[in-house]
Amino acid sequence: MNNKDLQKYAKMPLKQSTNRVWRTYSGGALIDKWKEEKQQVDNSFPEEWIMSTITARGNNRSEGEGLSEIETDNGIISLKDIIDSDKELFLGKDFIKKFDSTGVLIKMLDSRERLTIQVHPDKNYAKHVLSSSYGKTESWYVLNTREIDGEKSVVYMGFKKGITREKWEKLFLSQDIEGMLNSLHRIEVKPGDAFMIYGGVPHAIGSGCFLMEVQEPTDYTMRVERITPTGLEISDELIHQGVGEQKMLDCFHYDGYTYEEALNQWKVAPRAIDTSDEYTFSTIFNDAHTNCFGLSELCLNGEYSIKQQENFYVVVIYYGEGIIYCNGKEFAYRQGDEFFMSVAIGEVIFKSKIESKLLLCYPPS
Ligand SMILES: O=P(O)(O)OC[C@H]1O[C@@H](O)[C@@H](O)[C@@H](O)[C@@H]1O
């Protein structure tokens with residue numbers, strides 16, 4: 001299709017097809033469950049990447065892995081191609097003055113095993129060390145948990161007081177994984193918990209966490225474990241992304257916190273901002289936390305209208321079923337669906353047939 005033919009897609013919700021990505025850890029059964037697949041299996045594809053215009057960084061993976069594809073009346077078309085056909089139309093004139101792409105990446109992530117201890121670049125490190133205009137500040141919104149081998153669902157986050165670069169480097173060189181885990185705060189999680197993970201903050205997602213991540217659009221992860229909990233060896237490239245071990249260690253912010261300080265700093269309380277008999281609209285991540293992205297939640301038992309927005313947005317249906325009314329047309333939605341809503345779309349009305357939970361993700365401001 002030529003660029004002109006693609007423009008009609010700016011006026012309708014664009015539904016993405018399933019887009020699973022290979023990772024170093026296992027999981028994904030709860031993504032299958034959410035997608036209402038017949039079989040629910042844990043394997044090496046524990047993440048669903050949503051509205052992605054970037055590729056994943058894995059070992060010898062296929063070239064386009066990570067890129068989202070849209071189901072259209074003309075077959076499958078990559079989201080990137082649709083947007084690139086007319087960035088101003090899909091993303092907005094003011095937006096493209098500041099950003100060269102959507103500026104955001106969304107994931108569903110389900111861990112069968114603990115992820116390796118890691119850190120992501122902040123903007124400064126990304127610019128100077130990786131020549132990237134985006135770091136990888138991210139957010140976690142816990143949707144569900146499961147107990148695995150009797151273990152409660154936890155996340156590890158932030159250095160405890162007294163952890164210095166010297167101590168951390170020693171632990172890394174001796175591969176003292178218990179020592180590294182003990183250097184971080186261990187936080188039990190439950191559905192509804194929300195955390196900001198700023199670039200530079202060490203972290204590891206424990207086993208049994210099903211969460212939505214909204215984040216800056218890169219795949220830069222620095223890791224300090226050479227072998228995963230289930231025994232997969234991690235290559236040097238995946239340890240330090242090609243910048244070497246010393247620069248990898250520079251990516252961490254060596255600030256120590258007490259447990260309470262860590263929670264105050266990074267745990268976010270969702271807040272209802274608009275309620276009626278038919279809906280509750282809550283903000284989760286917003287300008288108070290970051291200008292890199294945003295996340296809201298709409299619990300719907302009736303109708304809710306979203307007026308023309310200043311920016312494009314993405315709607316993920318966590319559960320429920322209903323209709324989206326948009327530009328005189330009706331589009332069905334159901335659990336597991338993911339929609340890109342261009343800035344040109346105008347007012348949209350969501351009407352539930354079955355009580356629904358919609359997650360609304362926003363680009364940077
Ligand atoms: O260690 P791997 O398997 O690459 O997993 C890396 C994953 O880590 C999590 O903390 C998040 O940052 C995900 O966005 C990322 O994909």
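Residues numbered from 1 in each chain as written. Predicted model: local features only at pLDDT ≥ 70, side-chain atom pairs only at ≥ 80, totals over all residues. Heavy atoms only, no water.

Inspection of the region around the ligand gives 17 residues, with Thr24, Lys107, Glu138, Glu213 and Arg223 positioned closest. A distance of 2.7 Å is found between an oxygen atom of the ligand and a side-chain nitrogen or oxygen belonging to His120. At 2.6 Å from an oxygen atom of the ligand is found a side-chain nitrogen or oxygen belonging to Glu213. Put simply, the parts of the chain that give the shell around the ligand at least two residues each are strand E6 (105-110), strand E12 (203-205) and strand E13 (209-215). Its residues placed into classes, the shell around the ligand shows four nonpolar, six polar and seven charged. (Near = heavy atom within 4 Å. Polar contact = N/O pair within 3.5 Å; in protein donor to acceptor, adjacent residues only side chain to side chain. Helix = DSSP H or I, 4+ residues; strand = E, 2+ residues; numbered from the N terminus. Nonpolar A, V, L, I, M, F, W, Y, C, P; charged D, E, K, R; others polar.)

The tally for this structure, following the rule as stated, stands at 15 aromatic pairs. When the centroid spacing of 4.8 Å and the interplanar angle of 35° are considered together, the rings of Phe95 and Phe99 count as tilted. Both residues of the pair, Phe95 and Phe99, count as buried. Through a chain of ring-to-ring contacts, three or more aromatic side chains come together here, namely Phe95, Phe99, Phe312 and Phe340. (Phe/Tyr/Trp six-rings, centres within 6.5 Å; stacked < 30°, edge-to-face > 60°. Buried < 20%, exposed > 50% of the residue type's maximum accessible area, 1.4 Å probe, protein only.)

Scanning the model with the defined rule gives 27 salt bridges in all. Between Glu237 and Arg57 there is a salt bridge; the shortest N-O distance is 3.8 Å. Of this pair, Glu237 sits in helix H9 (residues 236-240) while Arg57 sits in the loop between strand E3 (47-50) and strand E4 (69-72), and the two are 180 residues apart along the sequence. With a relative accessible area of 41%, Glu237 lands in the partly exposed category. Judged by its relative accessible area of 32%, Arg57 falls in the partly exposed class. The salt bridge partner of Lys267 is Asp193, with a shortest N-O separation of 3.6 Å. With Lys267 in strand E16 (residues 267-268) and Asp193 in the loop between strand E10 (184-188) and strand E11 (194-197), this pair connects stretches of sequence that are 74 residues apart. (Salt bridge = Lys/Arg side-chain N within 4 Å of Asp/Glu carboxyl O.)

On to the UniProt feature "domain: Phosphomannose isomerase type I catalytic" (unreviewed entry) in the protein, then. Feature annotation in UniProt assigns "domain: Phosphomannose isomerase type I catalytic" (unreviewed entry) to the following positions: residues 74-129. Taken end to end, residues 74-129 has its terminal C-alpha atoms 42 Å apart, with 43% of it in helix and 21% in strand. (UniProt positions renumbered as here; feature names shortened; annotations may be inferred.)

This brings us to unusual backbone geometry. With a phi angle near 50°, Ser131 is a residue other than glycine that sits in the positive phi range. Mapping Ser131 onto the fold places it in the loop between helix H6 (123-130) and strand E8 (138-145). According to the relative accessible area criterion, Ser131 is exposed, its value standing at 68%. Phi angles above zero are rare outside glycine, and Asp149 is one such case at about 50°. Summarising the element assignment, Asp149 is placed in the loop between E8 and strand E9 (154-160).

A separate point is the environment of Glu213. Inspection of the secondary structure puts Glu213 in strand E13. With relative accessibility at 3%, the residue Glu213 sits in the buried group. Between the C-alpha atom of Glu213 and that of Lys329, which follows or precedes it by 116 residues, the distance is 31 Å. Beyond its immediate stretch of four places on either side in the chain, Glu213 contacts Leu105, Ile106, Lys107, Leu109, Lys136, Glu138, Ser139, Trp140 and Ile205. Here Trp140 takes part through its side chain, which lies 3.3 Å from a polar atom of the side chain of Glu213. (Contact = heavy atoms within 4.5 Å.)

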